[in-house]
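Each chain, letter by letter, is given below.
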Amino acid sequence: MSAFLTNEKIRNIAIIAHVDHGKTTLVDAMFRQSGLFRQGQQVDERVMDSMDLERERGITIAAKNCSVVYQGVKINIVDTPGHADFGGEVERALSMVDGAILLVDASEGPLPQTRFVLQKALESNLKIIVVINKVDRKDARSSAVLDQVYDLLIDLDANEDQLEFPLFYAIGRDGVAGTAPDQLADDLHLLFDAIVREIPPPRFDPESPFQMLVSDLGYSDYLGRLAVGRVVGGKAESRHRLIRIDADGNHRPLKVTRLQIYEGMDITPVSAVSAGEIAILSGIEEVSIGDTICTEDAPFALPRITVDPPTVSMLFTINDGPFGGKEGRYVQSAKIRERLLKETLLNVAIQVETTGERDSVVVKGRGEFQLAILIETMRREGFEFCVGRPEVILKREDGIVKEPVERLFVDCGETFMGVVTEKLSVRKGKMMNLSNTGTGRVRIEFSIPSRALIGYRDEFLTDTRGTGIMNSYFLGYEPYRGDFPSRFTGSIVSDRQGHAVPYALYNLEPRGRLLIQPGEPVYEGMVVGEHNRETDINVNPTKEKKLTNMRASGKDENVILAPIRPMTLEQAINFIRDDERVEITPKSIRLRKVTLGLKARYAQRGAKK
């Protein structure tokens, strides 16, 4: 057995942080200072947020790769999402790296998603470098945040080596870092030096044959399917004959048509790739994340990437309403199913299961936010379909029904503590910890069922007048905690097709909150508002004022309606009840009943009673 060697010319690192702690901005600064962009070149901010949705929401959704060169050493950087709903992306990304930069906000400190991603990094035994970012904030508390980082690492059973981490303070936006909050260098060279010095270079056996674990997939219109992964051992050249080992251990022969590597933000063709490099192989017809690509002579499979199981499921169906097919390009169930199955190839955390019905499928994911992002992406691609209410996936163990439970962290003003605690206790939440920072704000920890958080976020923001912050991470499965009401209001449902009339809407305003504007098309069974009471109410939003040829004693008043705030996709998904659907088209988001006909709904209600 030959001794292991190291590839000193390469370092592979992931950048992990909570949402909005500045990791994508820091990567931008690393790009600029590594000489990747020429002087005066026009560059977008947040280069790594390449998806439109990422730019709009200011979050990272998909793990992406890039590289910078510093003093002759190539640093492959993987930008990981900071949201637990995209945990599948995190687990994939960490399989390609030897170390991680943990980025923490100097004011907010380590938050739940930081914990989630850091736990995965420690389990993978990665070398950690800690960077406390945004030290220029007025409310920065760097020393307290450092104590919290130590507490978190100890809580996650970090070993002594991981506890002795290199520490830096930074302002990612300005591209500066230093060893103390008041001693920042003019650039990031100290951080670059630490990456080269502290992150171990990739180790490999010089005599081992070629092996690569597929960690990511891509698609090119010219090259077809792309397999992305880290080369664990050996060397591969283009036109090489290799084999792919799938989940069942089957060997499939393949021929690599082109080899590529990351250079900056771009992909560059190369003649060969060696151990430690993150490579992109094209010419592979069928490949899944977790497959091993190796030589025919030594067909040994590497350990597959394991992903936490999905906790939320959602029903996707065709749009069978009266307006079906008017606004979308793809409306057939076969097209919708094909698109969802394509998503499972690229996203390990999503699963698709067929139901007994031909026109519907069940999609399972990490959380309703992940599914909402998938729905929004499909909507922008021209798909038209309906989705049901998100439901948590229950398990039965030893005859006991168990449900997913989360640890919820709430940061709010002292004055809102009462209403938040009351609402969460109704939803079967248990308070685990309460700390008052002395700044007029409190931090409360709850253990709460995952289903209790579906639809609660908007209510929480209303209760705390937009000043509260809530974050959660998945704890595990616990015995079912019992039922609770998810919504205390009914729906205002249209009883006919037509266009909404201001006069009718004006008379409906006292009944509840309206969701449609005057002139909007409506149909029988469409939800046009939220009723003040628990029961549903059927109304006619198309009713016009009866005019006579006799002059009325009262003059006609100009109807002024309260402004309507259109529902976002997440709000709509969280708002609906079990007997309702969200109709999604590229142009509209509508709420509707599963059974549209008024008489059919009455018959169903009678049958239930």
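Here, every reference points to the structure presented above.
Residues numbered from 1 in each chain as written. Predicted model: local features only at pLDDT ≥ 70, side-chain atom pairs only at ≥ 80, totals over all residues. Heavy atoms only, no water.

J.: Let's hear about the packing of helix α10 (residues 417-426) against helix α12 (residues 456-463): which residues, and what values?
T.: It is at 10 Å that the axes of α10 and α12 come closest, and there the two elements cross at 160 degrees. Between α10 and α12, the angle falls in the class roughly antiparallel. Of the two elements, α10 crosses α12, and the hand of that crossing is right-handed. Where α10 approaches α12, its residues Val419, Val420, Lys423 and Leu424 are matched on the opposing element by Tyr456, Glu459, Phe460 and Asp463. (Axes fitted to C-alpha atoms, helices over the stretch in contact; angles between N-to-C directions. Helix = DSSP H or I, 4+ residues; strand = E, 2+ residues; numbered from the N terminus. Parallel < 35°, antiparallel > 145°, perpendicular 65-115°, else oblique. Left-handed = near helix turned anticlockwise from the far one by under 90°. Contact = heavy atoms within 4.5 Å.)

J.: Go over helix α5 (residues 142-155) with me, naming the residues and quoting the values.
T.: Counted at 1.5 Å a residue, the expected span for α5 with its 14 residues is 20 Å, and the 20 Å between its end C-alpha atoms agrees. All of the buried residues in α5 are Ser142, Val145, Leu146, Val149, Leu152 and Leu153. In an axial view of α5, the angular spread of the buried residues amounts to 120 degrees, which keeps them on one side of the axis. Residues Ser143 and Ile154 are exposed on α5 and point more than 90 degrees away from its buried face. (Expected span 1.5 Å × (residues − 1). Buried < 20%, exposed > 50% of the residue type's maximum accessible area, 1.4 Å probe, protein only. Arc of directions from axis to C-beta.)

J.: So what about the environment of Thr295? Which residues, and what values?
T.: Relative to the elements of secondary structure, Thr295 occurs in the loop between β20 (292-294) and β21 (312-317). The exposure class of Thr295 is buried, given its relative accessible area of 15%. If near-sequence neighbours (up to four positions away) are discounted, Thr295 is found in contact with Pro209, Phe210, Leu242 and Ile243.

J.: Quick rundown of the nonpolar core? Include the residues and the values.
T.: Counting 31 residues, the largest nonpolar core has Leu102, Leu118, Ile128, Ile132 and Val149 as its most contacted members. When contributions to this core are tallied by element, the ones reaching two or more residues are β2 (10-17), α3 (87-94), β5 (99-105), α4 (112-123), β6 (127-133), α5 and β7 (167-171). Not counting chain neighbours up to four residues away, the residues in contact with Ile132 comprise Val104, Ala106, Ser142, Val145, Leu146, Leu167, Phe168, Tyr169 and Ala170. Ranked by size, the runner-up nonpolar core spans 27 residues in total, among them Val312, Ile350, Leu569 and Phe575. (Core = buried A, V, L, I, M, F, W, Y, C linked by side-chain atoms within 4.5 Å.)

J.: Which residues make up the pairing of strand β38 (residues 589-593), and what values do they have?
T.: For β38, a buried count of 4 out of 5 residues is recorded, marking the element as mostly surrounded by other parts of the structure. Summarising the sheet, strand β35 (residues 526-531) and β38 pair through 2 bridges and their orientation is antiparallel. Bridge pairing links Met526 to Arg592 in β38. In the sheet, strand β37 (residues 580-584) pairs with β38 via 5 bridges, with the strands oriented antiparallel. Of the residues in β38, the one forming a bridge with Ile584 is Ile589. Between the end of β37 and the start of β38, which pair antiparallel, lie 4 residues. (Pairing = 2+ DSSP bridges.)

J.: Describe the pairing of strand β29 (residues 441-449), with residues and values.
T.: Along β29, 7 of the 9 residues are buried, which leaves the element largely enclosed by surrounding structure. Examined bridge by bridge, strand β27 (residues 400-413) and β29 share 9 bridges and lie antiparallel to one another. Its bridge partner being in β29, Cys412 is matched across the sheet by Val442. Where strand β28 (residues 430-436) meets β29, 6 bridges bridge the pair, whose relative direction is antiparallel. Bridge assignment links Met431 to a residue of β29, and that residue is Phe446.

Any functional reading would require information beyond the geometric quantities listed.
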